[in-house]
Amino acid sequence: VAHEIRNPLTSLKGFVQLLQIEDDKHQDYYQIMLDELNRINHIVGELLLLAKPQHLKYSKLAIQKILNDVISLLAVEATLYNVQIESNFPKEDIIIECEPNQLKQLFINLIKNSIEASKSDSKISISLGLIDDNRLGITIQDQGCGISKERLQKIGEPFYSSKEKGTGLGLTVSYKIVQSHKGTIMFDSEIDHGTTVNITLPVVQNSLSDTRQSKVTS
């Protein structure tokens, strides 16, 4: 289905880009059309990630590097929202077995949500540390609008979103990524008092101690 949707999308994008080059009069319309086509493509990509069985190739990488890369990537967006991102990481690298691109996607989804929910001139705090020999804890805390108890119960469900153009798929994908890494994710929130996301991930995959951490809770 994703393939069938993406083929006409590619054609539509090509023709819109061609019109954009040849017609100066309707530039605003063409940009809106391209943005919307890109949004459809992004939704298709998220659906594909959820539907297609993922064969993870684990590699060893410092979790600090993954998080710092994501923070750098989202720095401009944070500035636009007048939000400051603070990180509290151990100086010594914590090396974990993971699929780095999936973890980047996870942290992009969560931190982006925090930025969009934050009030102007507020902070997002990101901290991490070892819980025990094979478990790592990551906390993302914002001072944003918060999430109601009713929404917290449904968070992570596909197509459940408070955003005007949201699909809810970003958090569904996030849950799936944590689950595939045999970790846990929990949300704690209060209206007008911000949201805290607590993630635990195993340092080493396929360890006997991981089996106890395989359930994703909300």
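This text goes with the structure placed above it.
To keep things clear, this report deals only with the structure shown in the data block. The structure displayed is predicted, hence computed values, not measured ones.

Reading the values: rules and limits
- Residues numbered from 1 in each chain as written.
- Predicted model: local features only at pLDDT ≥ 70, side-chain atom pairs only at ≥ 80, totals over all residues.
- Heavy atoms only, no water.
- Helix = DSSP H or I, 4+ residues; strand = E, 2+ residues; numbered from the N terminus.
- Contact = heavy atoms within 4.5 Å.
- Pairing = 2+ DSSP bridges.
- Buried < 20%, exposed > 50% of the residue type's maximum accessible area, 1.4 Å probe, protein only.
- Arc of directions from axis to C-beta.
- Axes fitted to C-alpha atoms, helices over the stretch in contact; angles between N-to-C directions.
- Parallel < 35°, antiparallel > 145°, perpendicular 65-115°, else oblique.
- Left-handed = near helix turned anticlockwise from the far one by under 90°.
- Nonpolar A, V, L, I, M, F, W, Y, C, P; charged D, E, K, R; others polar.
- Patch = residues over 30% accessible without salt bridge, like charges linked within 9 Å, V, L, I, M, F, W, Y side chains within 5 Å.
- Areas by Shrake-Rupley, 256 points an atom, 1.4 Å probe, with all protein chains shown as cover.
- Salt bridge = Lys/Arg side-chain N within 4 Å of Asp/Glu carboxyl O.
- Expected span 1.5 Å × (residues − 1).
- Polar contact = N/O pair within 3.5 Å; in protein donor to acceptor, adjacent residues only side chain to side chain.

## Side note on the environment of Ser127
- Residue placement: Ser127 occurs in strand β4 (residues 122-132).
- When the C-alpha positions of Ser127 and Gln64 are compared, they lie 9.9 Å apart, and in sequence the two are 63 residues distant.
- In this structure Ser127 touches Asn88, Phe89, Gly137, Ile138 and Thr139, once residues within four positions along its chain are discounted.

## A short note on the pairing of β4
- Sheet analysis places strand β2 (residues 83-88) next to β4, joined by 6 bridges and oriented parallel. In the strand pairing of β4, Ser87 is matched with Ile126.
- As paired strands, β4 and strand β5 (residues 135-142) are joined by 8 bridges and run antiparallel to one another. Looking at β5, one finds that Ile126 is bridged to Ile140.

## Re helix α3 (residues 63-73)
- The complete set of buried residues in α3 reads Ile63, Gln64, Ile66, Leu67, Val70 and Ile71. Viewed end-on, α3 has its buried residues packed into an arc of 165 degrees, placing them on one side of the element. The outward face of α3, more than 90 degrees from its buried face, is lined by the exposed residues Ser72 and Leu73.

## Concerning the packing of α3 against helix α5 (residues 100-117)
- With their axes 10 Å apart at the nearest point, α3 and α5 run at an angle of 45 degrees to one another. It follows from the interaxial angle that α3 and α5 lie oblique. When you trace α3 past α5, the crossing you get is right-handed. Contacts from Ile63, Ile66, Leu67, Asp69, Val70 and Leu73 in α3 reach Pro100, Leu103, Lys104, Phe107, Ile108 and Ile111 in α5.
- For the contact of α3 with α5, the residue count by class is 10 nonpolar, no polar and 2 charged.

## So, the sheet that holds β5
- Reading across from one edge, β2-β4-β5-β7-β6 is the order of the 5 strands in this open sheet, with mixed pairing throughout. In the strand order of this sheet, the two ends are held by β2 and β6 (184-189), each with one partner. Taken over all neighbouring pairs, the strand axes of this sheet differ in orientation by 15 degrees on average, direction set aside.
- In this sheet, strand β7 (residues 195-202) lies alongside β6 in antiparallel orientation, the contact comprising 6 bridges. Counted as the bridge partner of Thr184 is Thr200 from β7.
- Taken strand by strand, α5 contacts β2, β4, β5, β6 and β7, and its axis lies near 25 degrees from that of β5.
- Contacts from helix α7 (residues 169-180) reach β6 and β7 within the one sheet, and its direction differs from that of β6 by about 135 degrees.

## A look at a nonpolar patch on the surface
- Taken together, the side chains of Val1, Ile5 and Ile40 present a nonpolar region at the surface, about 290 Å² in accessible area.
- By secondary structure assignment, the location of Ile40 is in helix α2 (residues 27-51).

## What about α7?
- For α7, which comprises 12 residues, the first-to-last C-alpha distance of 16 Å matches the rise-based estimate of 16 Å (1.5 Å per residue) to within 8%.
- The buried count for α7 comes to 9 of 12 residues, which makes it a mostly enclosed element.
- Taken residue by residue, α7 has Leu169, Gly170, Leu171, Thr172, Val173, Ser174, Tyr175, Ile177 and Val178 as its buried positions.
- Two residues or fewer past α7, Lys182 is found with a positive phi of approximately 60 degrees.

## With respect to the side chain of Thr196
- Checked against the element boundaries, Thr196 lands in strand β7.
- Within polar-contact distance, the side chain of Thr196 engages the side chain of Gln141 at 3.3 Å.

## A word on the pattern of salt bridges
- Evaluation of the coordinates by the stated rule reveals 6 salt bridges.
- A salt bridge links Asp69 to Lys104, with the nearest nitrogen and oxygen atoms 3.5 Å apart. Placement of Asp69 in helix α3 and of Lys104 in helix α5 is noted, with a sequence separation of 35 residues between them.
- The exposure class assigned to Asp69 is partly exposed, which follows from its relative accessible area of 29%.
- Note on Lys104: relative accessible area 27%, which makes it partly exposed.

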